[in-house]
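# Topology and contacts: notes
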Amino acid sequence: MQALEYFLIPWLDLKLLFLVAAGTFAGIYIGAIPGLSVTMAVSILIGFTFTWDVYPALCLMVGIFMGGVYGGSRTAILLNIPGAPAAIATAMDGYPLAQKGLAGEAIGIATVMSFVGGLIGIAVLAIAAPTVSEFALTFQPRDYMLLALLGILLVGSLSGESLIKGIFAGAMGLLIGTVGMDPLTAEERFTFGFTQLWGGISFIAVMIGMFGVSEALAQLHHIDKQAVKQKIGRIVPNWSSVRKYLPLSLQTSSIGVIIGALPGTGGDIAALMAYDHAKRVTKNPEVPFGQGAKEGLVAPETANNAAVGGAFIPMLTLGIPGDAVTAIMIGALFIHGLNPGPMLMIDQPQMFWFITGALMLANIFMLIFGLTGIRIFTKIVEMPRSVLIPLILLLSIVGSYAVNNSITDVYWMLAFGVLGYFMKTYGYQLGPVILGVILSRLLDDNWRRAILSENGSLAGLFKGILTSPLSLVLFTMVVLIFVSQTPVWRRLRRKAGIPATSHDQDTTGSGA
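Residues numbered from 1 in each chain as written. Predicted model: local features only at pLDDT ≥ 70, side-chain atom pairs only at ≥ 80, totals over all residues. Heavy atoms only, no water.

## Some points on a nonpolar patch on the surface
Together, Ile397, Tyr401, Ile407, Tyr411 and Leu414 give the surface a local cluster of nonpolar side chains, amounting to about 470 Å² of exposed area. When residues of the nonpolar patch are traced back to their parent elements, those giving at least two are α19 (385–404) and α20 (407–425). Broken down by element, the nonpolar patch gets its largest block of residues, 3 residues, from α20. (Patch = residues over 30% accessible without salt bridge, like charges linked within 9 Å, V, L, I, M, F, W, Y side chains within 5 Å. Areas by Shrake-Rupley, 256 points an atom, 1.4 Å probe, with all protein chains shown as cover. Salt bridge = Lys/Arg side-chain N within 4 Å of Asp/Glu carboxyl O. Helix = DSSP H or I, 4+ residues; strand = E, 2+ residues; numbered from the N terminus.)

Below, the structure is given as structure tokens:
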């Protein structure tokens, strides 16, 4: 009964209710602007809220976090510019829907499914936090390495018609991600003597350039083409649609919670893994993936919002941040005299239930604000291309500069925009490049930690993988997913009379 009282504190206090609503509203629009990250917004808030009481400060931060993760889908769907890394997968099918005049329907589906994912993530946080946190704590460096390898194999889902081109693009992303100072030895890697490269190449600059600038350049070929008139009928999906996608959303939300609970991962990896999962389990989508499949919206949006609840699990139960935002929130709790970790549940259980209640409230406000203003937002897509292209370029420049206040990032963004344009022209997908950049650090760091923990012995590393149940399960998944992308596997499926999945159909021509 006491837990319910603590849970309802932000619901029954008008000031706290307003702060959660304001934070969620602000988060949606911060998340929608490329370069204005939720991490940056929450870190700036600490400077304004450290003199506040802890409850109002947390309400505002929780609202911005929840709203910001969802907000990135808006520009991903309308302009093919993901407002946040977690919305990269959303753009793959959301933007094609907008090009068909279905932007309103796409945003409606993304909003409702984000709410469902957030609901599941918060439910797991409330019910199973200690169990999930104990499971996350069992992950060794070799398990993170295998998880990164699992992610790298997603190139099969993001490669379009050619798996070879997808592997090349993914390898390019891995190479881009290794530029800069070595995180373990502080030696320079691929800097060629340029001090500007010591800090590496900004992932945001790569993402905005590849998706934003390349799209603007591609649109120049159709500058005189009439803009597609958006059909704004029923925005809220009907119950039959929600019920149809509910099994998939439950599966991808589970992926989001587990990935979110693993320290050092986050919604971007969860969304890409969920997108890959959707392609594997969806046998007959109404539209092929990459051309406006609604399953391609449902999977990443449920996963990245479920990852929010997942990220709070290790933060509140172990004092370990699940992602960059919860790392900042741990700092905020310390500033307010609290000590997140195992003793928090014992000494101050009200804080756990208060944060859970604030998250649930923010999730509801996200649904309300997400379904309003869609008619105005969709007008962006109906702008003449002579106005839209400069707007995309302006957003891209502001977004890439805002991350580090660095003009070098703008140059990188423009360079990757040109590179992305030529890659699209010659049939290379941009998704694998971004995937490689995202996973390069996770793979690099944990491969080296894993091999160092075995004193440089590969045999010791393989022995550890084969003798640990968790490592063995992950290793088996890596092998099975790799085999499933080969032509031999597809021939065996055809001989056995097993229907091809969407993933098999997409890669049929790539392995020949």
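## Focus: the nonpolar core
Of all hydrophobic cores here, the largest spans 141 residues; its most connected members are Met210, Phe312, Met329, Leu359 and Ile434. Here this core takes 14 residues from helix α5 (residues 54–79), the largest share from any one element. In contact with Met210, other than residues within four places in its own chain, are Phe416, Gly417, Leu419, Gly420, Met423, Leu430, Val433 and Ile434. (Core = buried A, V, L, I, M, F, W, Y, C linked by side-chain atoms within 4.5 Å. Buried < 20%, exposed > 50% of the residue type's maximum accessible area, 1.4 Å probe, protein only. Contact = heavy atoms within 4.5 Å.)

## Side note on the side chain of Asp93
Its location among the elements puts Asp93 in helix α6 (residues 88–99). Buried and unpaired, Asp93 has Lys279 as its nearest opposite-charge partner, separated by 7.3 Å. Setting aside residues no more than four positions away along its own chain, Asp93 makes contact with Tyr275, Pro288, Phe289, Gly290, Gln291, Gly292, Ala293 and Gly296. (Lys, Arg positive; Asp, Glu negative; His and termini not counted.)

## A few points about helix α14 (residues 295–318)
Given a rise of 1.5 Å per residue, 24 residues ought to cover 34 Å, and the 35 Å separating the end C-alpha atoms of α14 matches this to within 8%. Its axis deflected by about 25° at Val308, α14 carries its strongest bend there. Of all 24 residues in α14, 23 are buried; the element is thus mostly enclosed. Count one or two residues on from α14 and you reach Gly319, which has phi positive near 75°. (Expected span 1.5 Å × (residues − 1). Bend = angle between axes of the 7 residues up to and from the residue.)

## So, the packing of helix α22 (residues 458–467) against helix α23 (residues 469–484)
It is the contact of α22 with α23, at a shortest axis distance of 5 Å, that shows an interaxial angle of 100°. With respect to their mutual orientation, α22 and α23 come out roughly perpendicular. Between α22, through Phe462, Gly464, Ile465, Leu466 and Thr467, and α23, the contact on the second element is made entirely by Pro469, Ser471, Leu472 and Phe475. The residue makeup of the contact of α22 with α23, split by class, is 6 nonpolar, 3 polar and no charged. (Axes fitted to C-alpha atoms, helices over the stretch in contact; angles between N-to-C directions. Parallel < 35°, antiparallel > 145°, perpendicular 65-115°, else oblique. Nonpolar A, V, L, I, M, F, W, Y, C, P; charged D, E, K, R; others polar.)

## Section: the packing of aromatic side chains
Considering all chains together, one arrives at 11 aromatic pairs under this definition. Through pairs of rings, three or more aromatic residues link up here, namely Phe25, Tyr29, Phe365 and Phe369. (Phe/Tyr/Trp six-rings, centres within 6.5 Å; stacked < 30°, edge-to-face > 60°.)

## Some words on the environment of Thr282
Counting through the fold element by element, Thr282 comes out in the loop between α13 (267–281) and α14. We classify Thr282 as buried; its relative accessible area is 10%. Separated by 34 residues in sequence, Thr282 and Leu248 have C-alpha atoms that sit 8.7 Å apart. At 2.6 Å, the side chain of Thr282 forms a polar contact with the backbone oxygen of Ala278. (Polar contact = N/O pair within 3.5 Å; in protein donor to acceptor, adjacent residues only side chain to side chain.)

## Here's the deal with the side chain of Ser73
One can find Ser73 in helix α5. In this structure, Ser73 is in contact with Ala87, Thr90, Ala110 and Glu301, ignoring residues within four places of it in sequence.

## Description of the confidence of the model for the protein
Where the model shows low pLDDT, its predicted coordinates should not be examined in detail. The pLDDT averaged across the protein works out to 80; a share of 85% of its residues lies at or above 70. Considering each helix and strand of the protein separately, the mean pLDDT is smallest for helix α25 (residues 502–506), with a value of 52, and largest for helix α17 (residues 349–370), with 91. For the stretch residues 507–512, pLDDT sits under 50, and the model shows 11 contacts to residues farther than four places along the chain or on other chains. (pLDDT = per-residue confidence, 0-100.)

## Let's talk about unusual backbone geometry
A positive phi angle, near 55°, is found at Phe190, a position not held by glycine. Of the residues examined, Phe190 reaches a relative accessible area of 44% and is grouped as partly exposed. Even without being glycine, Asn455 reaches a positive phi, approximately 55°. With respect to the helices and strands, Asn455 occurs in the loop between α21 (431–453) and α22.

## Quick look at the pattern of salt bridges
Counted by the stated rule, this structure contains 8 salt bridges. For the salt bridge of Asp276 with Arg280, the shortest nitrogen-to-oxygen distance reads 2.8 Å. Taken together, the residues Asp276 and Arg280, both in helix α13 and 4 residues apart, mark about one turn of the helix. By the burial criterion, Asp276 is buried, and Arg280 matches it. Taken together, the salt bridges that share partners define one network made up of Asp182, Arg189, Asp444 and Arg448.

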